[in-house]
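Each chain, letter by letter, is given below.
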Amino acid sequence: MKRFSICGILLISFLLFLAVMPAAAQRIPSPEEFFGFRMGADGELAHWNKIVEYFNLLSERSDRVTVENLGESTLGNPFLLAIFSSPDNLNNLDNYREINNKLSDPRGLGDSEIEELIKNGKYVSAQTYSLHATEVGGTQCTPELAYELVTSDDETIKMILDNTIFIMFPSFNPDGQIMVTEWFYKYKGTEFSNTSLPYLYHFYTGHDNNRDSYQLTQDESRLFAKVVYRDWVPQSYVDHHHMGGSGARFYIPPYLDPIHPNVDPLIWREHQLYGSHMAVALDQAGKSGFETGAPYTGWWQASFHMSTNYHNIAGMLTESASANWANPTTVLFQRLGGTRGRPEYKPQMTMPRLWPGGVWRLRDIVEQQIIVSKAVLELGARYRETMLRNMVLKAKGNIERGLNEPPYAYIIPKNQHDFPTAVKLVRIFQMNGVEVNVLNRLYRVGSRTFTPGSYVISCAQPMRAFVKSFLEQVYYPDNTWTRSHGDQSPLRPYDLAAYSISEHMGIDAIPIEEPLRGIDMTVLRSEAVVPKGTVSGSGNSYILGHASNESFRAVNRLLNEGFNVGWITQGFSHEDNYYSPGTMLVRGGSNLRSYVQTLADELGLNFVSAPAQMSGGMLSLKPVRLGLYKRYAGGNMDEGWTNWMLQDFEFEFTSLFNKDIKDTQLSQKYDVIVIPSDGTRQIVNGRGGANVPPEYRDGIGEEGVENIKQFVLNGGTLVTLNGAWDFARELFDLPVQNALSGVSSKDFYCPGSTVKISVDTNHPLGYGMPENALALFRSSPALRIPAGVFIENMSVPALYQKENILQSGWLIGERFLSNVPAVLEFQVGKGKVVVIAFPAQHRAQTHATFKFLFNAIYYGSADDVNIR
């Protein structure tokens, strides 16, 4: 029998002691010890994988934090949630979450019960870091902030932990964090060390990931929304960002006017309170050059820090002046300038303490964001009951306004142009925490009758501000806050001027202008589902309507399974129903009936057995060899969104890089090429310069231009989206001009607004569209054909209406759009050029106009045949 030495026994005993030692008693290394450098040190960035490792270590060794991997990011990386609080609070998280949910929706609670919940509840704050991955300071500060929270014995930290629950997302964009960090180290110390990332830092959305705050298409957005919009509904939310480096050093709340009138007024007062507390904390820490108010306005919706305000959460933004990633930069005082709301770099109420200029480092950003992160928590801890009571007041205020002010509800009728897309709209509202009802019986309001199965979204709920703001027709304010004080030119809204989801998706959401009386409806407790479609008749051929976007998903599957699909080019009647041009004819073998039944069940589409005798013309569809142009030079967000949308609808395609466009075999490999919105110079020349690695410098060049030209002349179809119209014009000398070229913004201005278009539904590009539709106009041209020019091989499937063009947003100079083409088709050689002169697929949100692109893809390679 072997004998253990005394040393061996002691070692085993020590290891057993470590195994049973309470987590709080085990030593926690500082970030500097763990990563090998101080957070924000010159020339250093912590990698996401290492940050994940550190947070998991904190969770193992501290009883002040719990760390959870919520799921995978878009590219499969861990998406972390860290919750900080006292050990007792963490042991009772479910209880505090329930209290918070009741306070955020106090319907059915009495005053005494509410007061008891306030007394026993905890202040909850959610904060996110580095949503925009090149804004590196946020995620870099989180290990140091976390370390202080789990190790400090400071009385303020103890107060924070006892009274608050801090929900931290250490990185809102793990994929981008990895891209940026690995790119930084790849070229560190080389001639390319100051090169920006050549591709999108979120695979699909790039910088636009912030604009997914309400439609919630991306994995990261949905993981966040479950925690913040539905599970917790915190009292505050802060999104930490970077901005340009030539002005203030730090932006903190509140926002600048105009503010959105639908947001509860108490929200804006809270912004002032939080901002003042942050400012005092920064002043006490000896910081300078931080400002409130300018330049970020309070009237827009497409960002997480703005959307949360419509959830009764004080949603706030911080913006640190950028360094050069982890490299310092020098800014002279003379180069520090003004901005909207602060015309000069001089002391004013919003920025009384100026920064004198000098060297600016990532460490400065890390320190700023740690200070204000803690300031929010400290304020919440000190005013815990006030903030919890405010939550109740904001919820009650929305409920009362919904009961006493029109609109009292929005009803989404079951009988409408594209009901499967209407169900998607309902799901979006559900993901945002909105209560949705389904109508059980026929309901009449005035002259309108709504059938069972319609959806009812009451405004008498805490989420009224969200419901109203994302469904109403709205006109952006045109007043002193939105005009320059000099020449009265319009000041650009921060993003779009209108965010009506129903308008963007082409869905009827009817505002109800009188109180709901005698309505029989049931709250939808589970995710809305599309009612199963039907399959009528039998045989080996069926017809399918073109109205639903889901019909394209069906076509993609049918063609992949080898069935024959065509678009009937003339309208016809069958079994007392009229079928519009573009109706789909599906043919196949004995298994077709069972396959279309599966599609009907899953997609909510209705198939009808085709007439025994059919004649006339048909566009015979085939699997399309589709290419989507994807450039470098920082990437193209419009390409990224288009990429995601095409995948979502199950289109098969190939991403075409510059080298692929330069391939002389382009014509033999592809039927249709789509160019997302972009400038001609960017497409052709790319982003040159000696500081860019050679493989990322060039555009398609003259070689690529010639290949695309031959591609079309030989029978291919080129589709250009929005700003890429000019590339097609130059390439083929198309006889169109932009009537807005050189026009002052005082004469024409339409920043991200919903406008009315007329559609030729007999044209293949207009198949399935309503004759009167809504489209998004944003950075778009107003294309005109020069007077006296006759173009034989051109058609106009869609144009802007003659008058009263604006639906929602801001439009100055309507005459420039009156009867102007919105979609054009040119026959060029043996091929086609389709110009969609507005963002038909904008951010994968404008479902109302997806069909223009989808139709163009299949139309481009369809064969014109007779039905046999």
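You'll find the structure just up there.
Residues numbered from 1 in each chain as written. Predicted model: local features only at pLDDT ≥ 70, side-chain atom pairs only at ≥ 80, totals over all residues. Heavy atoms only, no water.

1. Regarding the overall build of the protein
Part 1: For the protein, the helix and strand inventory stands at 26 helices and 40 strands.
Part 2: The C-alpha atoms of the protein give a radius of gyration of 29 Å, which matches the 29 Å a tight globule of 868 residues would have.
Part 3: Across the 868 residues that make up the protein, the buried fraction comes to 60%.
Part 4: Accessible area for the protein stands at about 33600 Å²; split by element, carbon and sulfur atoms hold 48% of it.
Part 5: Of the side chains in the protein, 76 bear a positive and 90 a negative charge, and the two mean positions are spaced by 1 Å. (Helix = DSSP H or I, 4+ residues; strand = E, 2+ residues; numbered from the N terminus. Rg over C-alpha atoms; globule rule 2.2 N^0.38 Å. Buried < 20%, exposed > 50% of the residue type's maximum accessible area, 1.4 Å probe, protein only. Areas by Shrake-Rupley, 256 points an atom, 1.4 Å probe, with all protein chains shown as cover. Lys, Arg positive; Asp, Glu negative; His and termini not counted. Charge placed at Lys NZ, Arg CZ, Asp CG, Glu CD.)

2. A few points about the pattern of salt bridges
Part 1: Applying the stated rule across the entire model yields 43 salt bridges.
Part 2: Residue R625 pairs with D671 through a salt bridge whose shortest N-O separation is 2.9 Å. Highlighted residues: R625 in the loop between β27 (617–620) and β28 (626–629) and D671 in the loop between α22 (666–669) and β30 (672–675), separated in sequence by 46 residues. (Salt bridge = Lys/Arg side-chain N within 4 Å of Asp/Glu carboxyl O.)

3. A word on the side chain of Q218
Part 1: Residue position: Q218 is located in the loop between α9 (174–187) and α10 (219–232).
Part 2: With relative accessibility at 2%, the residue Q218 sits in the buried group.
Part 3: Within the local environment of Q218, its side chain forms a polar contact with the side chain of T217, the two groups lying 2.9 Å apart.
Part 4: Sequence-distant contacts of Q218, defined by excluding residues within four places in its chain, comprise T74, H202, Y204, T205, D212, W641 and W644. (Polar contact = N/O pair within 3.5 Å; in protein donor to acceptor, adjacent residues only side chain to side chain. Contact = heavy atoms within 4.5 Å.)

4. Points about the packing of helix α11 (residues 265–284) against helix α14 (residues 384–404)
Part 1: Relative to each other, α11 and α14 sit at 155°, their axes nearing to 10 Å. Looking at the two axes, α11 sits roughly antiparallel to α14. Two secondary-structure elements touch here, α11 through L266, I267, E270, L273 and Y274 and α14 through M387, N390, L393 and K394.
Part 2: Residue composition of the contact of α11 with α14, by class: six nonpolar, one polar and two charged. (Axes fitted to C-alpha atoms, helices over the stretch in contact; angles between N-to-C directions. Parallel < 35°, antiparallel > 145°, perpendicular 65-115°, else oblique. Nonpolar A, V, L, I, M, F, W, Y, C, P; charged D, E, K, R; others polar.)

5. Thoughts on helix α3 (residues 48–61)
Part 1: Relative to the 20 Å expected for 14 residues at 1.5 Å per residue, α3 spans 20 Å between its end C-alpha atoms, a close match to the ideal helical length.
Part 2: Buried residues of α3: W48, I51, V52, Y54, F55, L57 and L58, and no others.
Part 3: Taken together, the buried residues of α3 touch α2 (31–35), β1 (65–72), β2 (78–84), α7 (137–151), β4 (164–169) and α9. (Expected span 1.5 Å × (residues − 1).)

6. Let's talk about α7
Part 1: Over its 15 residues, α7 extends 22 Å from the first C-alpha to the last, a length consistent with the 21 Å expected when each residue adds 1.5 Å.
Part 2: The largest bend in α7 comes to about 25°, at P143.
Part 3: With respect to burial, α7 is a largely interior element, 11 of its 15 residues being buried.
Part 4: Every buried residue belonging to α7 is among G137, G138, T139, Q140, C141, T142, P143, L145, A146, L149 and V150, and all of these are buried. (Bend = angle between axes of the 7 residues up to and from the residue.)

7. A short note on the packing of α7 against helix α13 (residues 362–382)
Part 1: Interhelical geometry of α7 versus α13 gives an angle of 55° and a closest axis separation of 9 Å. Classified by the angle their axes make, α7 and α13 are oblique. Considering only the axes of α7 and α13, their crossing is right-handed. Where α7 approaches α13, its residues G137, G138, Q140, C141, E144, L145 and E148 are matched on the opposing element by L362, R363, I365, V366, Q369, I370, S373 and K374. (Left-handed = near helix turned anticlockwise from the far one by under 90°.)

8. Some remarks on the nonpolar core
Part 1: Among the nonpolar cores identified, the biggest contains 155 residues, and F55, F84, I167, I412 and F429 are the most heavily contacted of them.
Part 2: Not counting residues within four places of it along the chain, the set of residues in contact with F429 comprises V434, V436, I457, F466, V467, F470, L471 and I501. (Core = buried A, V, L, I, M, F, W, Y, C linked by side-chain atoms within 4.5 Å.)

9. Examining the sheet that holds strand β8 (residues 290–292)
Part 1: Judged by pairing direction, the sheet is mixed, and its eight strands sit side by side in the order β1-β2-β4-β3-β5-β10-β6-β8 without closing on themselves. Edge positions in the sheet fall to β1 and β8, since each of these pairs with one other strand and no more. Each adjacent strand pair in this sheet contributes to an overall mean axis angle of 20°, direction not counted.
Part 2: In terms of strand pairing, strand β6 (residues 250–252) meets strand β10 (residues 314–321) through two bridges, oriented antiparallel. Note on β10: the bridge partner recorded for Y251 is E319.
Part 3: With respect to the sheet, α7 is in contact with β1, β2, β3 (123–129), β4 and β5 (236–243), its orientation differing from that of β3 by roughly 145°.
Part 4: Across the face of the sheet, α10 comes into contact with β1, β2, β3, β4 and β5 while running at roughly 170° to β4. (Pairing = 2+ DSSP bridges.)

10. Quick word on the sheet that holds strand β26 (residues 607–609)
Part 1: Read across the open sheet, the seven strands follow the order β20-β26-β21-β25-β22-β27-β40; overall the sheet is mixed. Each edge of the sheet is formed by a strand with only one pairing partner; in this case those strands are β20 (535–536) and β40 (863–866).
Part 2: One ladder, built from four bridges, connects strand β21 (residues 541–544) with strand β25 (residues 584–587); its direction is antiparallel. Looking at β25, one finds that L544 is bridged to M584.

11. Regarding the pairing of strand β33 (residues 753–759)
Part 1: Within β33, five of the seven residues are buried, which leaves it mostly tucked inside the rest of the structure.
Part 2: Where β33 meets strand β34 (residues 772–777), six bridges bridge the pair, whose relative direction is antiparallel. In the sheet register, I757 faces β34, and the bridge partner there is A773.
Part 3: In terms of strand pairing, β33 meets strand β37 (residues 806–808) through two bridges, oriented antiparallel. Within β37, the residue paired with V755 across the bridge is L806.

12. Re unusual backbone geometry
Part 1: Note that the residue after D257, namely P258, is joined by a cis bond; omega there is 5°.
Part 2: For P258, the position within the fold is in strand β7 (residues 256–259).
Part 3: Following P406, the chain continues to P407 via a peptide bond in cis, the omega torsion being -5°.
Part 4: Within the secondary structure, P407 sits in the loop between α14 and β13 (409–412).
Part 5: Of note in the backbone geometry, E575 takes a positive phi value of approximately 55° without being a glycine.
Part 6: Tracing the sequence through the fold places E575 in the loop between β23 (572–574) and β24 (577–579).
Part 7: A positive phi is found at A844, a non-glycine position, where the angle reads about 55°.
Part 8: In this fold, A844 is placed in the loop between β39 (831–836) and α26 (850–859).
Part 9: Taking relative accessible area as the criterion, A844 reaches 3% and is therefore assigned buried.

13. Let's talk about the packing of aromatic side chains
How two aromatic rings sit relative to each other is set out by the distance from centre to centre and by the angle between their planes.
Part 1: For the structure shown, the criterion picks out 52 aromatic pairs.
Part 2: Here F203 and Y204 contribute two aromatic rings whose centre-to-centre distance is 4.9 Å and whose plane-to-plane angle is 85°, an arrangement assigned as edge-to-face.
Part 3: We classify F203 as partly exposed; its relative accessible area is 32%.
Part 4: Ring centres of F429 and F466 lie 5.5 Å apart, and the angle between their planes is 80°; this geometry places the pair in the edge-to-face category. Placement of F429 in helix α15 (residues 419–431) and of F466 in helix α16 (residues 464–471) is noted, with a sequence separation of 37 residues between them. A single burial state applies to F429 and to F466, both of which are buried.
Part 5: Members of the aromatic cluster, joined through ring pairs, are F79, F169, F172, F224, Y229, Y237 and F304. (Phe/Tyr/Trp six-rings, centres within 6.5 Å; stacked < 30°, edge-to-face > 60°.)

14. Remarks on the environment of D231
Part 1: By the secondary structure assignment, D231 is in helix α10.
Part 2: Placed 150 residues apart in sequence, D231 and L81 show a C-alpha to C-alpha distance of 13 Å.
Part 3: Those residues within four positions of D231 in sequence are excluded, and the remaining contacts are R97, N101 and K226.

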